[in-house]
Amino acid sequence: MNVYADNAATTKMSSIAIEAMLPYMQTVYGNPSSLHTAGQEAAEALVKARETMASLLGCEPREVYFTSGGSEADNQAILSAARIGARKNKRHIVSTAFEHHAVLHTLKKLEREGYEITLLDVHDNGMVSAAEVAAAIREDTCLVTTMYANNEIGSVLPIAEIGAVCRERGVLFHTDAVQAAGHLDIDVQAQNIDMLSLSAHKFHGPKGVGALYVRKGILITNLIEGGAQERGKRAGTENVPAIMGMAAAFADACAHREQNAAYMARLRDKLIAGLSQIPHSILNGDRDSRLPGNVNFCFEGIEGESLLLLLDQKGICASSGSACTSGSLEPSHVLLSIGRPHEIAHGSLRLSLCPENTEEEVDYMLTAIPEVVAYLRNMSPVWRDMVEGRKEFIIK
């Protein structure tokens, strides 16, 4: 059996997204900036896509900017807020220790430019509270940026509460909602979100396209100079087919969000219950405030890379953390941030589900994973030392 359980890394494009894209590859292929009929047909398509995205986010169409994905949107939001802050002599930014590297690396860049960055510690359940955010805000704070839901351990932060704190204190609030969009409820007005990033390929849309919501009145900084596309804030000819695919995929995901979430949560809980039976294993992330399709475990006495390769031989596609850092030999910074020791963090497994996964696939994984874990442990001298009492177990 072949099982794709790495949907947090990317999802299979839906037939709805593909069908939405095809006309803009084959017939309506004009440049939206051109004045002729073919160009204006493409421009009209962009208007409709922007209206669709805005209606699903709870904002106005003019507040939606199309980007190449979540990383670009994160960069533009954070750098824009930093520049706004600098003009007011405010150079302090609050974030968390387990953000995606698109956020953390941008903050590092700003730190080198003289900004002061506060990274809030994350509790062992992968949560940060609004009260902790409030306590970190200072008179010179120009931005709070926290992810909506963690891409590795699936914990969902109290975004509306954090947004309310930021609005009350007059601080801009950005959230990286790449893992949340299409899976969790989003209403930027009700949640007091000033800027929000999302990426199409996380909800069965195409790769290489995303969106940035920016509340009207916030002046964003250009990352790409050139033409007047995206109201002069993001130069380059728009990828109309991808944008149309994103809008269609987002609309479909939001229309079936509650139904899909309930289904995935049931499969997720079955996986968690089964994998919890493996001795000396531990669930990462909050048990309840969690993405509906996310399962993340650490297994003591094994290496995550070996686990992934052997699971791949059994037809199971999974990951040990973020796909963006899969080439790194370092343990996940997310797992370290919640207090997992290095030797435990190295033995992690992330399974991320989508509505196409089946109960039969879950049953297969619950057979295959314990077998592979047992096989790897039997080969490990470190495991043997723990079993024979020469070394203590860390996960009891």
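Refer to the structure above for everything that follows.
Reading the values: the criteria
Residues numbered from 1 in each chain as written. Predicted model: local features only at pLDDT ≥ 70, side-chain atom pairs only at ≥ 80, totals over all residues. Heavy atoms only, no water. Helix = DSSP H or I, 4+ residues; strand = E, 2+ residues; numbered from the N terminus. Rg over C-alpha atoms; globule rule 2.2 N^0.38 Å. Buried < 20%, exposed > 50% of the residue type's maximum accessible area, 1.4 Å probe, protein only. Contact = heavy atoms within 4.5 Å. Areas by Shrake-Rupley, 256 points an atom, 1.4 Å probe, with all protein chains shown as cover. Lys, Arg positive; Asp, Glu negative; His and termini not counted. Charge placed at Lys NZ, Arg CZ, Asp CG, Glu CD. Pairing = 2+ DSSP bridges. Axes fitted to C-alpha atoms, helices over the stretch in contact; angles between N-to-C directions. Patch = residues over 30% accessible without salt bridge, like charges linked within 9 Å, V, L, I, M, F, W, Y side chains within 5 Å. Salt bridge = Lys/Arg side-chain N within 4 Å of Asp/Glu carboxyl O. Expected span 1.5 Å × (residues − 1).

Some words on the overall build of the chain
Inference 1: When you go through the chain residue by residue, the secondary structure sums to 14 helices and 12 strands.
Inference 2: Compactness check: the chain gives a C-alpha radius of gyration of 22 Å against a globular reference of 21 Å for 396 residues, within 12% of the reference.
Inference 3: Along the longest, intermediate and shortest principal axes, the C-alpha atoms of the chain span 75 × 50 × 35 Å.
Inference 4: Taking all 396 residues of the chain together, 56% fall into the buried category.
Inference 5: A sequence separation of at least 24 residues applies to 75% of the contacts in the chain between residues at least 6 apart.
Inference 6: Total accessible area on the chain stands at roughly 16700 Å², and carbon and sulfur atoms take up 52% of it.
Inference 7: For the chain, the centre of its 36 positive side-chain charges and the centre of its 48 negative side-chain charges are spaced 4 Å apart.

Some thoughts on the sheet that holds strand β5 (residues 141-147)
Inference 1: Sheet architecture is open: seven strands sit in the order β2-β8-β7-β6-β5-β3-β4, paired in mixed fashion. Because the sheet does not close on itself, it has two edges, and the strands there are β2 (64-67) and β4 (116-120). This sheet shows a mean twist of 20 degrees between the axes of neighbouring strands, independent of strand direction.
Inference 2: Direction of pairing for strand β3 (residues 92-96) relative to β4: parallel, over a ladder of five bridges. Bridge pairing in β4 links T96 to L120.
Inference 3: The sheet contacts of helix α5 (residues 101-112) involve β3, β4, β5 and β6 (172-176), and relative to β3 the element is tilted by about 155 degrees.

As for a nonpolar patch on the surface
Inference 1: There is a patch of nonpolar side chains on the surface, built from I18, L22 and M25 and spanning about 250 Å² of accessible area.
Inference 2: Within the fold, M25 resides in helix α2 (residues 23-26).
Inference 3: With relative accessibility at 48%, the residue M25 sits in the partly exposed group.

Notes on unusual backbone geometry
Inference 1: Here N89, not a glycine, exhibits a phi torsion of approximately 60 degrees, which is positive.
Inference 2: Within the fold, N89 resides in the loop between α4 (70-87) and β3.
Inference 3: For N89, a relative accessible area of 64% corresponds to the exposed category.
Inference 4: In this structure, H204 takes a positive phi of about 70 degrees despite not being glycine.

Considerations on α4
Inference 1: Along its 18 residues, α4 runs 26 Å from first to last C-alpha, staying within 8% of the 26 Å computed at 1.5 Å per residue.
Inference 2: Just beyond α4, the residue with positive phi is N89, at close to 60 degrees.

Here we look at the environment of M246
Inference 1: Examined against the element boundaries, M246 turns out to sit in helix α8 (residues 240-255).
Inference 2: Taking C-alpha positions, M246 is 6.7 Å from A17, a pair spaced 229 residues apart along the chain.
Inference 3: Discounting chain neighbours no more than four positions away, the residues touching M246 are M53, F66, L198, A200, F203, P206, V209, G210 and A211.

Some thoughts on the sheet that holds strand β10 (residues 294-299)
Inference 1: In space, the three strands of this open sheet follow the order β9-β10-β12, with antiparallel pairing throughout. Of all the strands in the sheet, just β9 (281-283) and β12 (348-352) have a single pairing partner and so form its edges. Shown here is a sheet whose adjacent strand axes are inclined to one another by a mean of 20 degrees, direction ignored.
Inference 2: As judged from the three bridges shared by β9 and β10, these two strands associate in the antiparallel manner. By the bridge assignment, I282 is partnered in β10 with C298.
Inference 3: Each of β9, β10 and β12 is contacted by helix α9 (residues 257-275), which is oriented at about 10 degrees to β10, the strand it contacts most.

Purely geometric stuff here, so don't read any function into it on its own.
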